[in-house]
Amino acid sequence: WLPAEYFIVLTVSLCFSPGFEKKRFVYVLTMSVLTINLLLNAATFTFFKLDKSLLKEVDIIGDYLKTNLRPEDKVQSVGWIGSVIYGMYKGKAPLATPYPFVTAFIHHVGDPYVRESRRDFISRLRNTPPRFMVYGLMEFLPEHVKVAERFPALERLIKKSYQPILEGQTFIIYELNPVF
């Protein structure tokens with residue numbers, strides 16, 4: 001959709017250039033396409049309903065982190081769910097690594113860049129472990145791409161070094177074990 005939107009915006013912007021209104025057919029056609037596009041987008045946004053339970057989950061994550069974070073703490077999001085990263089944002093939680101989602105680590109798992117990124121991610125987590133990991137429970141996996149459903153090195157790290165402290169419908173917050 002973005003290329004189509006971009007094209008429409010560029011075409012409409014031509015309508016405002018001097019002398020363009022003289023080309024009546026193109027002007028009317030362009031303005032008609034813009035109007036239809038705006039109406040379709042408005043209808044989409046009007047009927048699109050956010051799942052209220054996801055918004056509650058965002059608030060739960062945000063409130064928990066806001067209440068329990070210390071100034072030196074870092075948090076790592078793990079999983080696909082956008083509510084996790086949004087909850088971290090609302091909780092003003094600083095990200096522990098440059099990787100906000102693990103999605104990049106489970107797509108195209110045979111690619112050398114992905115393998116190196118996985119190693120870098122785990123290395124960063126081991127060297128400076130975040131106090132919290134917010135795990136978004138995966139609801140789906142894309143079928144069109146070679147995907148690894150699991151990330152064994154990450155699973156081992158979480159199992160060895162973290163304990164679950166808060167669970168919701170779409171997330172689990174893990175805290176670093178004190179002995180680690």
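Details of the structure are given in the entry above.
Trainee: Could you clarify how one ought to interpret the nonpolar core in this entry?
Mentor: Side chains of a nonpolar character, in soluble globular proteins, are inclined to be buried together. Counting residues in hydrophobic clusters, the biggest one holds 16 residues, and the most contacted among them are Phe-121, Met-133, Phe-151 and Leu-154. Listed by contribution, the elements that provide at least two residues to this core are helix H6 (112-127), helix H7 (152-161) and strand S4 (171-176). For this core, the leading source of residues is H7, giving four residues. Among the nonpolar cores identified, the runner-up in size contains eleven residues, and Ala-93, Phe-132, Val-134 and Ile-173 belong to it.

Trainee: Even after reading the chapter, I still don't get the pattern of salt bridges, so can you show me in this structure?
Mentor: Opposite charge on two side chains permits them to pair, given that their charged atoms come into close proximity. Inspection of the entire model under this criterion finds seven salt bridges. For Arg-131, the salt bridge identified is with Asp-73, shortest N-O distance 2.7 Å. Taken as a pair, Arg-131 in the loop between H6 and strand S2 (132-136) and Asp-73 in the loop between helix H3 (52-68) and strand S1 (75-79) lie far apart in primary sequence, 58 residues in all. Here Arg-131 falls in the buried class, since its relative accessible area comes to 16%. Overall, Asp-73 belongs to the buried group, its relative accessible area being 5%.

Trainee: Explain unusual backbone geometry here, please?
Mentor: Negative phi values dominate among residues other than glycine, just as trans dominates among peptide bonds. One non-glycine residue, Lys-92, lies in positive phi territory at about 55 degrees. Positionally, Lys-92 belongs in the loop between helix H4 (82-90) and helix H5 (103-106). Overall, Lys-92 belongs to the exposed group, its relative accessible area being 68%.

Trainee: Please clarify how the packing of aromatic side chains should be interpreted in this entry.
Mentor: Aromatic rings in a pair are described by how distant their centres are and how their planes are angled relative to each other. The tally for this structure, following the rule as stated, stands at seven aromatic pairs. Measuring from centroid to centroid gives 6.3 Å for Phe-121 and Phe-151, while their planes differ by 35 degrees, and the two rings are tilted. Remark: Phe-151 occurs in the loop between S2 and H7 and Phe-121 occurs in helix H6; sequence separation between them is 30 residues. Overall, the relative accessible area of 7% leaves Phe-151 in the buried class. Taken together, Tyr-99, Phe-105, Phe-121 and Phe-151 form an aromatic cluster joined through their ring pairs. Cation over ring: Arg-118 sits above Phe-151, and NZ or CZ is 4.3 Å from the ring centre.

Trainee: Just to check I follow, could you spell out the pairing of S1 for this structure?
Mentor: Remember that side chains alternate between the two faces of the sheet whenever the strand is regular. When you tally the buried positions in S1, you get five out of five residues, the bulk of the element. As defined by bridge partners, S1 adjoins S2 across five bridges and the pair is classed as parallel. Looking across to S2, one finds that Val-75 is bridged to Phe-132.

Trainee: Looking at this model, I keep getting lost on the sheet that holds S1. Mind explaining?
Mentor: Two strands in a sheet stick together by hydrogen bonds in their backbones, pointing the same way (parallel) or opposite ways (antiparallel). With mixed pairing, the four strands of this open sheet are ordered in space as S1-S2-S4-S3. Each edge of the open sheet carries a strand with a single partner, namely S1 and strand S3 (162-167). Averaged over all neighbouring strand pairs, the angle between strand axes comes to 25 degrees, with direction disregarded. Bridging between S3 and S4 involves five bridges; their strand directions are antiparallel. Note on S4: the bridge partner recorded for Gln-163 is Glu-175.

Trainee: Would you explain the packing of H6 against H7 in this entry?
Mentor: When two helices pack together, their arrangement is given by the angle between their axes and by how far apart the axes lie. As a packed pair, H6 and H7 sit with axes 10 Å apart at the nearest point and diverge in direction by 15 degrees. The orientation of H6 relative to H7 falls into the category roughly parallel. In this structure, the crossing between H6 and H7 has a hand that is left-handed. Side by side, H6 and H7 meet where Phe-121, Ile-122, Leu-125 and Arg-126 of the first sit next to Ala-153, Leu-154 and Leu-157 of the second. A per-class count over the contact of H6 with H7 returns six nonpolar, no polar and one charged.

Here is what the cut-offs are and how they apply
Residues numbered from 1 in each chain as written. Predicted model: local features only at pLDDT ≥ 70, side-chain atom pairs only at ≥ 80, totals over all residues. Heavy atoms only, no water. Core = buried A, V, L, I, M, F, W, Y, C linked by side-chain atoms within 4.5 Å. Buried < 20%, exposed > 50% of the residue type's maximum accessible area, 1.4 Å probe, protein only. Helix = DSSP H or I, 4+ residues; strand = E, 2+ residues; numbered from the N terminus. Salt bridge = Lys/Arg side-chain N within 4 Å of Asp/Glu carboxyl O. Phe/Tyr/Trp six-rings, centres within 6.5 Å; stacked < 30°, edge-to-face > 60°. Lys NZ or Arg CZ within 6 Å of the ring centre and 35° of its normal. Pairing = 2+ DSSP bridges. Axes fitted to C-alpha atoms, helices over the stretch in contact; angles between N-to-C directions. Parallel < 35°, antiparallel > 145°, perpendicular 65-115°, else oblique. Left-handed = near helix turned anticlockwise from the far one by under 90°. Contact = heavy atoms within 4.5 Å. Nonpolar A, V, L, I, M, F, W, Y, C, P; charged D, E, K, R; others polar.

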